[in-house]
Amino acid sequence: MITRSLLAVTAAGLLAACSAGAPTDADAGSSQDQAGVLLIEPKALALRLDAGDAIQLIDVRTPEEFADGHIEGAINIPVDQFDPATLPDPRGAERILYCQSDRRSGIAAEKLAANGDSAVHMKGGIRAWEGNHLPVTRD
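The residue count restarts for each chain, going from 1 along the sequence in the order it is written. Totals for whole chains, interfaces and linings use all residues, but because this is a predicted model, local features are given only for residues with pLDDT of at least 70 and pairs of side-chain atoms are given and counted only at 80 or more. The basis for every side-chain value is the complete set of non-hydrogen atoms in the structure, without hydrogens or water.

1. Focus: the overall build of the protein chain
Condition: Runs of E in the DSSP output that reach at least two residues are strands. Runs of H or I that reach at least four are helices, and both are numbered from the N terminus. Each residue is assigned to one of three classes by its accessible area relative to the maximum for its type, calculated with a 1.4 Å probe on protein chains only: buried under 20%, partly exposed between the two thresholds, exposed over 50%. By definition, residues are in contact when any of their heavy atoms lie within 4.5 Å.
Scanning the protein chain from terminus to terminus reveals five helices and six strands. Listed by position from the N terminus, the elements making up the protein chain come as α-β-β-α-β-α-β-β-α-β-α. Counting every position in the protein chain, which comprises 139 residues, the buried fraction comes to 34%. Restricting to contacts in the protein chain with at least 6 residues of sequence separation, those with at least 24 account for 59%.

2. Here's the deal with helix H4 (residues 103-114)
Which entries qualify depends on this criterion: To estimate how far a helix should extend, the number of its residues minus one is multiplied by 1.5 Å.
Taking 1.5 Å of rise per residue, the 12 residues of H4 would be expected to cover 16 Å, and the 17 Å separating its terminal C-alpha atoms lies within 8% of that figure. Taken together, the buried positions of H4 are Arg104, Ser105, Gly106, Ala108, Ala109 and Leu112. One or two positions beyond H4, positive phi appears at Gly116, with a value near 85°.

3. Concerning the pattern of salt bridges
Opposite charge on two side chains permits pairing when their charged atoms draw close. What counts here: What makes a salt bridge here is a side-chain nitrogen of Lys or Arg within 4 Å of a carboxyl oxygen of Asp or Glu, nothing more.
For the structure on display, the rule yields six salt bridges. Ionic pairing is found between Arg48 and Glu94, a salt bridge with its closest N-O pair at 2.7 Å. Of this pair, Arg48 sits in helix H2 (residues 42-50) while Glu94 sits in strand S5 (residues 94-98), placing them 46 residues apart in sequence. According to the relative accessible area criterion, Arg48 is partly exposed, its value standing at 25%.

4. Re unusual backbone geometry
Its identity is not glycine, yet Asp102 carries a phi of approximately 125°, on the positive side. With respect to the element layout, Asp102 can be found in the loop between S5 and H4. The phi dihedral of His133 falls on the positive side, at around 60°, and the residue is not glycine. Take His133: its relative accessible area is 73%, and that puts it in the exposed class.

5. Concerning the nonpolar core
Across soluble globular proteins, you tend to see nonpolar side chains buried next to one another. Just so we agree on the cut-off: Here, nonpolar core means buried Ala, Val, Leu, Ile, Met, Phe, Trp, Tyr and Cys residues that are tied together by side-chain atoms lying within 4.5 Å of each other.
Within the largest apolar cluster, 16 residues are counted, with the highest numbers of intra-cluster contacts made by Leu45, Leu57, Ile71 and Trp129. Secondary-structure elements contributing two or more residues to this core are H2, strand S3 (55-59), S5, strand S6 (119-122) and helix H5 (125-131). Ranked by the residues each element gives to this core, the list is headed by H2, at three residues. Once residues lying within four places of it in the same chain are set aside, the contact partners of Leu57 are Leu45, Leu49, Ile71, Glu72, Gly73, Ala74, Ile75, Ile96 and Tyr98.

6. A look at the environment of Cys99
Relative to the helices and strands, Cys99 is located in the loop between S5 and H4. Take Cys99: its relative accessible area is 1%, and that puts it in the buried class. Linking Cys99 and His70, residues 29 residues apart in sequence, is a C-alpha distance of 9.2 Å. Residues in contact with Cys99, not counting those within four places in the same chain, are Val60, Arg61, Arg104, Ser105, Gly125 and Ile126.

7. Remarks on the environment of Phe82
Locating Phe82 in the fold gives a position in the loop between strand S4 (75-76) and S5. The class of Phe82 is buried, set by a relative accessible area of 4%. Spatially, the C-alpha atom of Phe82 lies 9.8 Å from that of Ala109, the residues being 27 residues apart in sequence. Apart from residues lying up to four places away in sequence, Phe82 is in contact with Ile58, Val60, Ile77, Leu87, Leu97, Ala108, Lys111 and Leu112.

In structure tokens, the structure reads:
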């Protein structure tokens, strides 16, 4: 009897511990990277773009990389020129950043977060986007 009670309490504790960190529907497609910086999965971003969500998409790669292939509608602001104070007005849109792999967009997102702005960047960058067979535009 005591053994059953102990097993029940242990199982309940484990179940509570496992579910405490489980993502909710609101978290689907995004996760936290560093403090104040969120990551979005490529497919989640594609769904939001297809749905017509207001997004200011910023590609922080070089102009040459941008010309080789970028997400339709993105603007190019290389990370070495990225200054939150000089970004174009998003006009109520959410800013989402990306680069080749997510390293440079992470740096830019940290700058946004340090400035007190919402900071979201795409996990895996354009490589992950293309790896998910999502379309790119070439100049």
